[in-house]
Amino acid sequence: MSINDPVGDLITRIRNAQMRRHSTMNVPASKLRGWVLDVLEAEGYIRGYSRVEKDGEKPSFDVELKYYEGAPVIQKIKRVSKPGRRVYSSVRDLSTVRNGLGISIVSTPKGVMSDAAARDANVGGEVLCEVY
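About the criteria used
Residues numbered from 1 in each chain as written. Predicted model: local features only at pLDDT ≥ 70, side-chain atom pairs only at ≥ 80, totals over all residues. Heavy atoms only, no water. Patch = residues over 30% accessible without salt bridge, like charges linked within 9 Å, V, L, I, M, F, W, Y side chains within 5 Å. Areas by Shrake-Rupley, 256 points an atom, 1.4 Å probe, with all protein chains shown as cover. Salt bridge = Lys/Arg side-chain N within 4 Å of Asp/Glu carboxyl O. Lys, Arg positive; Asp, Glu negative; His and termini not counted. Charge placed at Lys NZ, Arg CZ, Asp CG, Glu CD. Helix = DSSP H or I, 4+ residues; strand = E, 2+ residues; numbered from the N terminus. Buried < 20%, exposed > 50% of the residue type's maximum accessible area, 1.4 Å probe, protein only. Contact = heavy atoms within 4.5 Å. Core = buried A, V, L, I, M, F, W, Y, C linked by side-chain atoms within 4.5 Å.

Visitor: Any chance you could explain a positive patch on the surface here in plain terms?
Guide: A grouping of Arg15, Lys76, Lys78, Lys82, Arg85 and Arg98 is seen on the molecular surface, where their side chains present a positively charged patch. Assignment of secondary structure puts Lys76 in the loop between strand S5 (71-72) and strand S6 (77-79).

Below you can see the structure in the form of structure tokens.
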């Protein structure tokens, strides 16, 4: 099955797994998904992830979700830039999420990073999603 929006698929899988209170989830591997998971892990929204390669199967990521006092750490994860409507932002126009309590994940020429890291690197780019 072909997936047109890998980031949207990743976000939906995370949302669904957390609604069912799963501790781990599995998602097909790709470079972009790996970079988004790197940002989520660095910012403390997931415990971590590992790449799994089985014989005769395509590689995938096993993602360990994070909970605090029984509630998911990710309260809301929302896709901003969609295949039908891309959303780009300059470094000056990067907005804060929940007054700085959340993050935006931005795809920049210097790589995929959080909005705070993009401001520090003085680069803008495509706003992939918002997490809080």
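Visitor: Please explain the side chain of Gln18 as it appears in this structure.
Guide: Structurally, Gln18 is set in helix H1 (residues 6-19). Gln18 sits in the buried class, given a relative accessible area of 5%. In contact with Gln18, other than residues within four places in its own chain, are Leu65, Lys66, Tyr67, Pro72, Val73 and Ile74.

Visitor: Any chance you could explain the nonpolar core here in plain terms?
Guide: In summary, soluble globular proteins display a tendency toward joint burial of nonpolar side chains. Of all hydrophobic cores here, the largest spans 24 residues; its most connected members are Ile14, Met25, Val36, Leu40, Val63, Ile105 and Val131. With 5 residues, H1 is the largest single contributor of residues to this core. Excluding anything up to four places from it in sequence, Val36 contacts Val7, Leu10, Ile105, Val112 and Leu128. Counting residues in hydrophobic clusters, the runner-up holds 6 residues, among them Val106, Ala118, Val123 and Val127.

Visitor: Explain the environment of Met113 to me, please; I cannot follow it from the model alone.
Guide: Inspection of the secondary structure assignment puts Met113 in strand S9 (residues 111-114). Since its relative accessible area comes to 13%, Met113 is described here as buried. Here the alpha-carbon distance between Met113 and Gly8, two residues 105 residues apart in the chain, equals 17 Å. Those residues in contact with Met113 that sit more than four places away from it in its chain are Val39, Ser104, Ile105, Val106, Thr108, Ala118, Ala121 and Val123.

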